[in-house]
Amino acid sequence: MQFLNDLNPYQKEAVTTTEGPLLVLAGAGSGKTKVITYRLIYLLKKLHIPAKRILAVTFTNKAANEMRERIKALTGNIKDLSISTFHAFGVHFLKEEIKVLGYMPKFSIYSDKDTLELLHSILIDLKLDAEKYPPRLMAYLISKAKNKLLFPEQAGLEDPVFRDIYRLYQEQLRVLNAVDFDDLIFLPVKILQSHSEIQQKWSQRFQYIMVDEYQDTNHSQYILIRLLSQFHNNICVVGDDDQSIYAFRGADFHNILSFEKHFKKDDPVKIITLKINYRSTPIILEAAYALISHNSKRHAKSVETFLKDGEKINLFETMEAREEAEIIADEIFNGRIEGKVPYHDHAVLCRTNTQMRTFEEVFRQKNIPYRLIGGFSFFDRKEVKDLIAYLKLIYNPLDNLSFLRIVNFPKRGIGDTTLEKFKNFAFAHDLSFLGAVDSLAHKTDSDLSKPLIHKFELFKELIEKYEKRFQESKVSEVLVEFFQEIELEKEFERIYKDEAPFRIKVIGDFIDYAKNYESYAKKNDELANLEGFLKNMSLLNQDTKDDDEETNHKVPIMTIHASKGLEFHTVFIPGFEEGNIPHDRSIKEGPAGIEEERRLAYVAMTRAKKRLFISHVSMRKIFGTETERIPSKFLKEIPKHLVADRDEKTEDEHLADLKKMFA
């Protein structure tokens, strides 16, 4: 196995330990992706395990795609190998098993916006005040309940009204033959727990299971993995408890701390630490580990760095936030000109979104190209959501929400009053909206006139025509034909006037997206059809946005949470103050909150490869009021000998400055 020579001793041990439960503790920059990839290759090529008997689970499509590409490059084939996100696996599972819950296999996956629309209609049905029961809060509480695997009757013990909202929400999803994003984990777990024959089938199917970023799993994801690994118990999880920073999303770092207790059966649990860091300088690494060592709930790790030397951490204080941003902008410009470090290899990591605005203003004035990570998503544009609604209805005729969104787009002369009468008819006869059209056409005593009913019939014919067309031809080709038939460009010109060219460009972008999907599916030996296209969009839209950091020649400004998994030559962490890092909310939570903030600071520091700048201000505007700030308590936990005053220069640096002056 020649490829094993590429690994250090710790990585090699992790790759070749295949039987029984294994916890791989992989600190920042320790080459964990390489370990996961090579371990999969080892199973396939050395142990000759059939690809269909292996499951690898990651958290993002980007990570899954990178893994596939690496394995394909080294083996030439990844057919039948299951590498997916948790939610993509959930889709695959439900396609096979959802019928036991009374669903049909062609189910829709509702986005967050779809969920809010459905909850809004439920509040109307229940005659509840949306101010007292805000749809967004209800969606959050339902998501939280599902992540804890709680049904409505279990989740509403303290608030019977919430229980009714949750119950009706689930009932409506079932009627619509739809699931929300949390259901992609929630429903598989419930099926596995309540159908022993299905649980046995799936746990026998996968002989080896690997999970990346295990510290980010929530309760339902942990239970899913436990159920799937029940038979063979060959479960390998890779992660770093020091990088568990998503508690606000439901992640529970106790899953990785308790791995030994959870998976110890007949086989002893083995723990391997990847001890060599390939990313950061010794000084940055020593400072980060000195900080995180103050956390009490963690796996202790001894880590060494592959790199040598490196400059001290740059720490500076300014009077206010604008001065802080100006100094950082100047450092970036100097790094670009003098250090030859490209703009995109600098990063500004903020604790909160509110910090970003000052950097935007200053960078614009100083002509520093920048990009905010996590802007307005392509998939959140109204015109894109309308197009997706058409495709959802074509794929799933029971999708009433999609029907309502596009039945009068483009304009068909179906007004609100007409639509309300139509909905009442469908509800009275317990029919889906699309299914109600034929029934309405045969009624002689309908509230709707024949010309109005005919408009609904034409709409239904359009949907049925393209249901057939998408089965016959490429998605991208049918989209072009479909958009022409509904005269989408004319509708955009009518609605948007001067903005029409920009909106029409979105149509082209949407078709290009479909072509990219088809290329991706072909490359991965997948069937490129409407079902796969919708699944791809649903999952991708939930992923972290903006995956082109390395190719975009602009300084990324992002939150620390968004920086996880990335690395940069030079990193700036502004706002290292009490109330910001650690954040006020976390301070109020007590020791657990403080430890989460310390992990966040550790993640920020370990994004840096060569240079790290930490700054804080004396005064910061909070809710419009200038407020005095004090330096973060975390600064005291970084050894002084690792930190340089910003104005402190070595003799060599002074000499270099003199040479520049007299050159």
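It should be emphasised that the depicted structure is a prediction, and the values quoted were computed from it without experimental measurement.

## What about the overall build of the protein?
Then, in step 1: Counting its regular elements, the protein contains 29 helices and 19 strands.
Then, in step 2: Computed over its C-alpha atoms, the radius of gyration of the protein comes to 28 Å, within 12% of the 26 Å expected for a compact globule of 663 residues.
Then, in step 3: Principal-axis analysis of the C-alpha atoms places the extent of the protein at approximately 95 × 65 × 55 Å.
Then, in step 4: Relative to its full complement of 663 residues, the protein shows a buried share of 54%.
Then, in step 5: The long-range share in the protein, meaning contacts at least 24 apart out of those at least 6 apart in sequence, stands at 78%.
Then, in step 6: Of the accessible surface of the protein, which amounts to about 31100 Å², a share of 51% is contributed by carbon and sulfur atoms.

## Digging into the domain arrangement of the protein
Then, in step 1: Considered domain by domain, the protein is made up of domain 1 (2–93 + 190–274), domain 2 (108–176), domain 3 (291–375 + 552–655) and domain 4 (379–541).
Then, in step 2: The gap between the C-alpha centroids of domain 1 and domain 4 is 39 Å.
Then, in step 3: Taken together, the 11 residues of domain 1 in the interface contact 7 residues of domain 4.
Then, in step 4: Roughly 730 Å² is buried in total at the junction of domain 1 and domain 4, and carbon and sulfur atoms are behind 50% of that figure.

## Comments concerning the packing of aromatic side chains
Then, in step 1: Here the structure, examined in full by the defined rule, presents 32 aromatic pairs.
Then, in step 2: Residues F510 and F533 carry aromatic rings whose centres are separated by 5.9 Å and whose planes lie at 80° to one another, so their mutual orientation is edge-to-face. Of this pair, F510 sits in helix α24 (residues 500–523) while F533 is found in helix α25 (residues 530–540), placing the two residues 23 residues apart along the sequence. Grouping residues by exposure puts F510 and F533 together as buried.
Then, in step 3: Against the face of W202 rests R205, its NZ or CZ located 4.0 Å from the ring centre.

## Points about helix α15 (residues 321–337)
In an α-helix, one turn spans 3.6 residues; hence positions three or four apart end up facing the same way.
Then, in step 1: When the terminal C-alpha atoms of α15 are compared, their 25 Å separation across 17 residues agrees well with the 24 Å that a helix rising 1.5 Å per residue should span.
Then, in step 2: Within α15 the residues assigned to the buried category are A321, E324, A325, I327, I328, A329, E331, I332 and G335.
Then, in step 3: Near the N-terminus of α15, the side chain that reaches the backbone nitrogen of R322, with its oxygen 2.8 Å away, is that of E320.

## So, the pattern of salt bridges
Then, in step 1: For the structure shown, the criterion picks out 42 salt bridges.
Then, in step 2: Salt-bridge contacts for R405 lead to E117; the nearest nitrogen and oxygen are separated by 3.3 Å. Linking R405 in helix α18 (residues 400–406) with E117 in helix α5 (residues 112–125), this pair joins segments that are 288 residues apart in sequence.
Then, in step 3: For E420, the salt bridge is made with K423, and the minimal N-O distance between the two is 3.8 Å. With E420 and K423 both in helix α19 (residues 416–428) and 3 residues apart, this pair spans about one turn of that helix.
Then, in step 4: Here the salt bridges share partners, and the residues they tie into one network are K32, D212, E213, D216 and K564.

Reading the values: rules and limits
Residues numbered from 1 in each chain as written. Predicted model: local features only at pLDDT ≥ 70, side-chain atom pairs only at ≥ 80, totals over all residues. Heavy atoms only, no water. Helix = DSSP H or I, 4+ residues; strand = E, 2+ residues; numbered from the N terminus. Rg over C-alpha atoms; globule rule 2.2 N^0.38 Å. Buried < 20%, exposed > 50% of the residue type's maximum accessible area, 1.4 Å probe, protein only. Contact = heavy atoms within 4.5 Å. Areas by Shrake-Rupley, 256 points an atom, 1.4 Å probe, with all protein chains shown as cover. Domains from an automatic or database assignment. Buried area = accessible area lost by both parts, 1.4 Å probe. Phe/Tyr/Trp six-rings, centres within 6.5 Å; stacked < 30°, edge-to-face > 60°. Lys NZ or Arg CZ within 6 Å of the ring centre and 35° of its normal. Expected span 1.5 Å × (residues − 1). Polar contact = N/O pair within 3.5 Å; in protein donor to acceptor, adjacent residues only side chain to side chain. Salt bridge = Lys/Arg side-chain N within 4 Å of Asp/Glu carboxyl O.

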